[in-house]
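Examining the three-dimensional arrangement
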Amino acid sequence: MQKNFIIGLMLFALFLGAGNIIFPPKLGQLAGDELFIAMAGFLITGVGLPLIAILAIANAGGGLQTIAGRVHPAFGTIFTLVVYMAIGPFFGIPRTATVSYEIGIIPFLSESMASSSWPLALFTIGFFLITVALALNPAKLVDRIGKILTPVLFLVIGALAVKSILSPMGVIGQPQGDFTTHPFFRSFVDGYLTMDVIAALVFGIVVINTLKAEGVTESRAVMKAMIFAGVVAAVGLTLVYISLGFIGATSVDAIGLQANGGTVLALASKVLYGPYGSVILAITIISACLTTSIGLVSACAQYFEELFPRYSYRTFVLIFAGFSALIANVGLTELISISIPVLLMIYPLAIVLLLMSFIDKWFGRRPIVYILALLATAFVSIFDGLRGADINVTPITKLLAYLPFYDQKLGWLVPAIVGALIGVTLIPFSKKRV
């Protein structure tokens, strides 16, 4: 039980990256006295769906490719590669370094140094050297993350949360923008940006391999341990998100409305702890980003070692860390602007795939049901992604606008259900399960 609890803490730390820390404070500022409803929506996509993803991995007894392969073996490989590259070296891993630098390092630099490119280059080299050193032995991730880095995260976030409760910066204000009309749906979509559903699909295999390294190999025992670890991580994330959301909601009187959650936390930390606030925030951000970077590099290396066994795990760790260091120097703003359209495209597919994996026994795991549900989802999500990239295909966009929840970027929901139902009616004419 104790070992499973520590694995749960490791999973919590792997999830808790910079995005997870930055988004809730901004949500709190914008939600105001609608914080409870908004946080409910955010927790569904930021905590509930990642937990479902972990349970789906446990239920399938394998990683993402095992589940996606139920649609078609080729789809299983292609979709898994897309997810790993998105959450890994193209967006997820580089973002851990750029956010660490911009929030944890820049406040301590002079204006001239902050505007130069070489400090970021030096920082990313050091950041990924540490990542490589701690990721080279995946069997020790539990000790390095679960026993060391996670308590540091809890301590510094707890310090901010407790201080904000005992000495609030101000009263909770009025909701802003979309949060005045549909706070639940707005925050539901904001939960996409944590990338935790697709991160769960990646981290699931890390947990499975960690359990096997600890001597847990029997399938039922692995499932039980993964469920326990997933619940521990979910509880930890829930406490952190609510705490950070409260900090944001009570900060407006003291610091005003800010452009992003990083600035909210930076200014709130100074209000709560004076000159020590920046140090506390730097420790929080860098620790969170480092644990996520280690987990993502390790997960990607483990998957690619299975895919290309002629190359070692160590080789892939070095490749992904080096490539991520190069991409990180593009800058945070560019990374986020590129990643949002991609997430809008693949996130709905991942959600539908996961949810259907729990009920596929009801339809005999027939590929036709998966295929039609995912095709309907993809049609909407691809154009959502294009819209997110400011590429509007006007005739299609006008047509999709008639879909329920389309304005809330949930237009894929009804087509996915309809596609699945049509697939069920076609079962008598389809092939048996794969």
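1. What about the environment of Pro309?
Here Pro309 shows up in the loop between helix H15 (277-307) and helix H16 (313-328). Judged by relative accessible area, which is 63%, Pro309 ranks as exposed. Along the chain, Pro309 and Ile21 lie 288 residues apart, while their C-alpha atoms are 36 Å from each other.

2. Remarks on empty space enclosed by the protein
Within this structure, the stated rule accounts for three cavities of 30 Å³ or more. Its boundaries defined by the atoms lining it, the second largest cavity holds a volume of some 50 Å³. Considering the residues around the second largest cavity, the lining is formed by Leu11, Phe15, Val47, Pro50, Leu51, Ile54, Gly230, Ala233, Ala234 and Leu237. At the level of secondary structure, the elements contributing two or more residues to the lining of the second largest cavity comprise helix H1 (2-15), helix H3 (35-60) and helix H12 (219-249).

3. So, the pattern of salt bridges
Summed over all chains, the structure comprises four salt bridges. With a closest N to O distance of 2.8 Å, Asp360 and Arg70 form a salt bridge. On the criterion of sequence distance, the pair formed by Asp360 in the loop between helix H17 (332-359) and helix H18 (367-388) and Arg70 in the loop between helix H4 (64-68) and helix H5 (73-90) is long-range, its members being 290 residues apart. No difference in accessibility class separates Asp360 from Arg70, as the two residues are buried. Of the charged contacts, one joins Asp178 and Arg186 as a salt bridge, the two residues approaching to 3.6 Å between their closest N and O atoms. Asp178 sits in the partly exposed class, given a relative accessible area of 37%. When salt bridges with common partners are traced through the structure, they connect Arg70, Asp360 and Arg365 into a single cluster.

4. Comments concerning the confidence of the model for the protein
The predicted model of the protein has a mean per-residue pLDDT of 84, with 94% of residues at 70 or higher. Ranking the helices and strands of the protein by mean pLDDT puts helix H20 (residues 413-425) first, with 94, and helix H9 (residues 141-166) last, with 76.

5. Description of the packing of H3 against H12
Geometrically, a packed helix pair is captured by the angle between its two axes and the distance between the axes. Where H3 contacts H12, the two axes come as close as 10 Å, and the packing angle between them is 160°. In terms of their interaxial angle, H3 and H12 are classed as roughly antiparallel. For the crossing formed where H3 meets H12, the hand is right-handed.

6. Details of the nonpolar core
By size, the foremost hydrophobic cluster in this structure holds 131 residues, and its most contacted members are Phe15, Tyr192, Ile198, Met226 and Leu353. Considering every element that reaches this core, the biggest residue donor is H15, with 14 residues. Aside from chain neighbours lying at most four places away, what touches Met226 is Ile54, Ile57, Ala58, Gly204, Val207, Ile208 and Leu211.

7. Considerations on the layout of surface pockets
One water molecule sets the probe size; rolling that probe over the atoms shows where empty space is left. Its boundaries defined by the atoms lining it, the second largest pocket holds a volume of some 460 Å³. Lining the second largest pocket are 23 residues, and of these Val352, Leu355, Leu413, Ala416 and Ile417 sit closest to its centre. Elements that contribute at least two residues to the lining of the second largest pocket include exactly H3, helix H10 (183-190), H17, H18 and H20. In terms of residues, the lining of the second largest pocket owes the most to one element, H20, which gives six residues.

8. Remarks on H3
Here H3 spans 36 Å end to end across 26 residues, near enough to the 38 Å set by a 1.5 Å rise per residue. Taken as a whole, H3 carries its principal kink of about 40° at Leu43.

The rules behind each value
- Residues numbered from 1 in each chain as written.
- Predicted model: local features only at pLDDT ≥ 70, side-chain atom pairs only at ≥ 80, totals over all residues.
- Heavy atoms only, no water.
- Helix = DSSP H or I, 4+ residues; strand = E, 2+ residues; numbered from the N terminus.
- Buried < 20%, exposed > 50% of the residue type's maximum accessible area, 1.4 Å probe, protein only.
- 1 Å grid on protein atoms, 1.4 Å probe; cavity = no way out; pocket = protein on both sides within 12 Å on 5 of 7 lines; lining within 4 Å.
- Points joined across faces, edges and corners; volume = space filled by probe spheres on them.
- Salt bridge = Lys/Arg side-chain N within 4 Å of Asp/Glu carboxyl O.
- pLDDT = per-residue confidence, 0-100.
- Axes fitted to C-alpha atoms, helices over the stretch in contact; angles between N-to-C directions.
- Parallel < 35°, antiparallel > 145°, perpendicular 65-115°, else oblique.
- Left-handed = near helix turned anticlockwise from the far one by under 90°.
- Core = buried A, V, L, I, M, F, W, Y, C linked by side-chain atoms within 4.5 Å.
- Contact = heavy atoms within 4.5 Å.
- Expected span 1.5 Å × (residues − 1).
- Bend = angle between axes of the 7 residues up to and from the residue.

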